[in-house]
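Single-letter residue listing:
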Amino acid sequence: MTGSAASPLLKVNGLTVQIGNGRPVDQVSFEIRPGETLALLGESGCGKSMTALAVMRLLPPAARLSGGTVDYLSAGNARPLLSLTEAEMRSVRGGGIGMIFQEPSTSLNPVMSIGRQIEEVLLLHRGLQGDAARRRARELLESVGLPEAERRLDEYPFQLSGGMKQRAMIAMALAGDPELLIADEPTTALDVTIQAQVLELLKTLQRERNMGMLLITHDLGVVERMADHVGVMYAGQLIEVAPREQFFANPAHPYSRKLFAALPERARHGQRLSTIPGRVPPLDTQHVGCRFAPRCSVAFPDCSTLEPGWHAQAGGQEVRCHLFDPARPCMPTLNTPLPTEPQQTAPAVAASPLLQVQDLKVHFPIRKGLLQRTVGHVSAVDGVSFELQAGRTLALVGESGCGKTTVGKAILQLIAPTAGSVRLGGVELTALSGAALQPLRAQAQMVFQDPFASLNPRLRIGTIIAEGMHALGQRAHVAERIAELLEQVGLRADMATRYPHEFSGGQRQRIAIARALAVNPKLIICDEPTSALDVSVQAQIINLLLELQDKLGLAYLFITHNMAVVDYIADDVAVMYKGRIVEIGSADAVLGKPQHDYTQSLLSAAFTRMRGAA
Amino acid sequence: MMPVLLWSDALFFLLLAICLGGIVWARRSPQLAASWRMVGGSRAGVAAATVLLFFVAIALLDSMHYRERLPQQPGESVQYSVEVLSALDALMKTQRTQTEKTYSAPLATHLYAKESRADGQGRDFPRLKFGGKHLEDAEDRGADVVQHALIGLAAGLALWAGLYAVIRRWLRPRAQWFAWDALLWAMAAMLLTGGVLIALMPHYHVLGTDKVGQDVLYLTLKSIRTALLIGTLTTLSMLPAALFLGILAGYKGGWVDDLIQYLYTVLNSIPGVLLIAASILMMQVVIDTHPEWFSTAAERADARLLSLCIIMGVTSWTGLCRLLRAETLKLRELEFVQAAQAFGVSSWAIMARHILPNVMHIVMISVVMDFSGLVLAEAVLSYVGIGVDPTTISFGTMINMARMELAREPMVWWSLIAAFCFMFVLVLAANLFADAVRDAFDPRGRTS
Amino acid sequence: MLTYLIRRFLYAIPILIGVNLITFALFFIVNTPDDMARMQLGAKRVTPEAIEKWKAERGYDKPLLWNAAAAGTAKATDTIFFDKSLSMFAFEFGRSEDGRDIMTEIRTRMGPSLAIAIPVFILGLWAAITFALLLVFFRGTYLDLGGVVLCVAMMSISSLFYIIGGQWLISKVWNLVPISGLGAGLDATRFLILPVIISVIGGLGGAARWYRTIFIEESNRDYVRTARAKGLSELAVLFRHVLKNAMIPILTGVVVVIPSLFLGSLLIESFFSIPGLGSYTIDAINAQDFAVVRAMVFIGSVLYIVGLWLTDISYTLVDPRIRLN
């Protein structure tokens, strides 16, 4: 890596973006040197992406640059990006600075071939046309490791898989030979194993081209793998800047420390995760004092009135927190460990299994030809068997499209299984239908992934929670039960009269859990219940789930792609791949000594990011 | 006097009741209230709504029908006139009854065509029977018109000032978010225009008279009810079917979906105008062959109006049905629907509780968006002869009567201009209001 | 892809049958031929004999669906349904009230209809897209705002006024072109200019505003941000990326009407006395000539279904996702 001796490539000073009265980016300053990666880390809504867009001057119409400078130093001369004309700026975009985005499936033009989208950049910034452009485009595709590059040139984005699309996107960003690459959550939309490959690719390309890189991410694992320097953002401000080793060895700001503590991992198994109460403040908040103070466990009165300044620490680390103010020597030192919550007792293993799934198959027909005859089947789930004891957690792990969600729905008979047996408490579900299924619906419930789609926006919280009770004919003491449930999931009873839009993602997930609990189920199928949430909120929900398991003896079928969560929460693990379970066993066995190739690659992808992923 | 409730009146009142009910309901639901607040905060929306309210008020007056009691002969039972009148007719009795011989220009004192003088001394423009008859000398007309207009302006201004005071003192402080200034501007425009018209009405044909001497202002005001009915009842008449079938097709899928899609593709594939033409011709035959169904001409015209609404509804519901089906397809996959399914809630309950409320914004948008198009369509259809009954006063029939007038020498322009202005203001207001509603209810459609 | 197109084509058959049944129900079941006869003959001096004669002249004296009196297959074929409804599939529409063959009439009137409809279609599409692109390029400025206001105002004017006003202004006041009628050969252009211009202007407001919405929706998408991040100029983004994607929703609305251009425009043709199918239809409606209306309904549906099919084809041309799947 190039040392700090090299002159910076990009110098951002006091960058401020305004939307209405809010400042999503407030006085942000940093530098990036050639060959070096700065990672901006933070939860959603902290202003990371906005910072990147501001550097490129691609802000949405509502947002406005209201201060600061951005200097792009190329070949010895400095270009103040914020005062260039639009035409000059265009030669920088895609030329000097390339950018890749989070969602490869929407970020490529769907009706233009991959080749043409790359050639467009080559013509603009390299003056290449015709065969020369095509040759160069092919080389670029080859350099990002896209197989059969020649053929891909004429293909359209919909013909490529997610990972391939992101590679094409990277090729496009590299076509102008940029000195700086801005990568906005480049792997968030990808599967775990693909994530690792794309990150590796970015790293290799960076080394080859000595590119500077501004990496926007919320994922500590990605940061650890990629960054040279780390900038932590919170509510529009940078609050901590440090070299990577320093940051991971000794995160300074209470927020950074909490981010680490909130990560689920095996080592914390049996403990409650540390959580950050509350949520990221909304954009238009008028801040007084430290922005993190309302959520900070070590805040003292001055924090909420005085805005902290930067305090340098050893090893190039800088923190914006009063605790590190040398002028306040007698503050509570950070050497005192952050409080961890009490131990939980390990769940007892029940004698007979609550849920038995035998050779479950779900096939979807493929229709083709003039008459739309069924010519074959897609086996979404192809012979899955497992057992789940009462009070235990079985994690069903796999990548998107492996059929794990379909398994969950087939168990609840939301999708009719093609074959196999599902026995809940000894009763065969596949044979039942309609009214006969009703009593069993009370025993197994589901919590969904997207907290914004899982609550009907037109109904009050109370009505939402009561729906299951009404449908299953439990009509006594409904109001009391709703109040009790809300308190059980950590909300207030008077919230029953409100509507979903008044709640944050984490709160909505609590409501969804309360709805499932309303009918006193013994089994809850959790379908990626935390993957739409930020790390700190994820920790709250996981804690809640564990607490409820303790108290109510629930069994969880925990469907997820997140190995870190599995590691933390699961008693048993089943790994799914292409509709089959390829490995199943106790969490210790499967995660500790994986047998199947796929499990190994899944684990290696996830576990090279030792601290886990969010 | 015998009150008469025409079918269209009943439906119009029902519609108003639904609107009022909707307001009460919206106040209880925060999302709806928030969306309506956005409409209330939009200047164009508020101004348009204010103008529309005036039109609705006129249509409402024109929907309270009655039959007058005929002078009773001794010994006979009570007889009622066969003519059905409305409250608006009663208010504008002079305009309705004081007809001239033929064309006269706006505010004229003389007829537009020369006639042989009574004394046989050549041809001249005779004085009007009604317009300016209070004037000794027709030369005084200018001053007289100005004087009346000023009185009208003053009255309008006084009313407006009162309204302004009320809003400033009581209403504005309670609802800062509302675009009161737009309301006030629109009110100023309407009150001042209205004041002048009302002040001049007792003495002149303000907008002139048509070929058979009818007051053009009266005809234009009567057209408003027809336009509003066509614009609203058409959508209303097919709304239940579109809602039911659209949601059913989207939620159930399979053969139900195929069948419903087939149904609306078939209906859609017949060109709208031709389907309307064919149906109206057929309807006319039915009406003509069953004179015994209708006791007055008004009822017959009303039947034709309603059948026009229903037929136009049949040709236009397919679009809404398709939209609802598409939206339901999306909603069906949402997790709150699956959560309900996991509880074993029945399909019908899911459609009623989870799907229906979440597609109502589409219904709302399509009702207001369709309105202006339907008003315009009525004019064209009536012009072609497949619209409302020729005896029903509407913008279309007015234009149909006046279409050759621009080609006359000297040109007669006031009927067309009057129809044009009123229709333009109505449709423009409807379009602006529809835009405000769509912006508020459909986040995706927001244009900037 | 071919099977897809064939399937879509076959899909048309049940729809045409449906249309046929609906028209049959509308014209012969809701109202019996007796009703029609009474209406045509005038309600006053109508005698049962006159009705029978009227029906016999037009072949309406047969049973509706099943001729029990006839022999063999004629039981099914010697009926009104077979004669008047099923025969439409062979484009045999019979004769109009004035005794002329409807299909011949339609053939001769197609030309004038197309002479107006095609220029209107092409110019209208071009003008609306250009105007919309202009507004989108200047979006957020006063030009955009003014343009949208203009569009809404133009949408709020009835097409009747465009025609009446245009005729009055250009033909009567300025005396530029003949007020109505249609000349032969090149001379026809003189007659066609005004109706074409009026139609294009009349449709501009609504179309331009709709396209503008589509363009703006498209230009808020992620790939447009990518294109800008490549350093493309706004114009290149608009023409190379936004326009191409926006053509997909625009095509849905536009291609489907192409076959219907044959039908011409009801209003324009009748106002300008152009002997096309539009004025033919209006005359038939006014004369209550049911045979002609029935024929036009059927032809209109056929053309619409052809339009749906063309839409499918054009999708495959524009959208690689459909072409290659």
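Residues numbered from 1 in each chain as written. Chains lettered and ligands numbered in written order. Predicted model: local features only at pLDDT ≥ 70, side-chain atom pairs only at ≥ 80, totals over all residues. Heavy atoms only, no water.

Before going further, it helps to examine the sheet that holds strand β21 (residues 523-527) of chain A. All names here are of chain A. Pairing is mixed across the open sheet formed by six strands, whose spatial order is β20-β21-β22-β17-β23-β24. The two strands at the open ends of the sheet, each matched to only one other strand, are β20 (444-447) and β24 (580-586). Across the sheet, the mean angle from the axis of one strand to that of its neighbour is 15°, orientation sign disregarded. With four bridges joining them, strand β17 (residues 393-397) and strand β23 (residues 572-577) adopt parallel strand pairing. Residue pairing across strands places Ala-395 opposite Val-573, the latter belonging to β23. Strand contacts of helix α16 (residues 505-517): β20 and β21, with the helix running at about 170° to β20, the strand carrying the most contacts. (Pairing = 2+ DSSP bridges. Helix = DSSP H or I, 4+ residues; strand = E, 2+ residues; numbered from the N terminus. Axes fitted to C-alpha atoms, helices over the stretch in contact; angles between N-to-C directions. Contact = heavy atoms within 4.5 Å.)

At the junction of the two partners, chain B supplies 45 residues and chain C supplies 48 residues. A buried area of about 4100 Å², summed over both sides, lies between chain B and chain C, and 76% of it is on carbon and sulfur atoms. Applying the counting rule to chain B against chain C returns one salt bridge. The residue C:Arg209 makes a salt bridge to B:Asp435 at a minimum N-O spacing of 2.6 Å. On the surface where chain B and chain C come into contact, there are six residue pairs in polar contact (both at pLDDT 80 or more). Put simply, the parts of the chain that give the side of chain B that touches chain C at least two residues each are α9 (254-269), α10 (272-289), α13 (347-384) and α15 (414-441) of chain B. Looking at the side of chain B that touches chain C, the element that brings in the most residues is α10(B), giving twelve residues. Grouping the constituent residues of the side of chain B that touches chain C by class yields 32 nonpolar, nine polar and four charged. (Buried area = accessible area lost by both parts, 1.4 Å probe. Salt bridge = Lys/Arg side-chain N within 4 Å of Asp/Glu carboxyl O. Polar contact = N/O pair within 3.5 Å; in protein donor to acceptor, adjacent residues only side chain to side chain. Nonpolar A, V, L, I, M, F, W, Y, C, P; charged D, E, K, R; others polar.)

Residues and elements named next belong to chain A. Of all residues in chain A, 92% have pLDDT values of 70 or greater, and the mean over the chain is 86. When the criterion is pLDDT under 50, residues 335-347 qualifies, and its contacts beyond four places in sequence or with other chains add up to 18 contacts. In this model, residues 608-614 is a region of pLDDT below 50 whose contacts with residues beyond four sequence positions or in other chains number 28 contacts. (pLDDT = per-residue confidence, 0-100.)

Attention now moves to the interface of chain C and chain A. Each partner contributes to the interface: chain C provides 27 residues, whereas chain A provides 31 residues. Where chain C abuts chain A, roughly 2500 Å² becomes buried across the two surfaces, and 62% of that area is made up of carbon and sulfur atoms. Broken down residue by residue, the surface that chain C buries against chain A is led by C:Arg225, C:Ala229 and C:Lys230, which jointly contribute 24%. Among the ionic pairs, A:Glu120 bridges to C:Arg240, the shortest N-O distance being 2.9 Å. Summed over the shared surface of chain C and chain A, the result is twelve residue pairs in polar contact (both at pLDDT 80 or more). Elements with a contribution of two residues or more to the side of chain C that touches chain A: α1 (2-29), α10 (222-229), α11 (234-255) and α15 (320-323) of chain C. Here the side of chain C that touches chain A is composed, by residue class, of nine nonpolar, seven polar and eleven charged.

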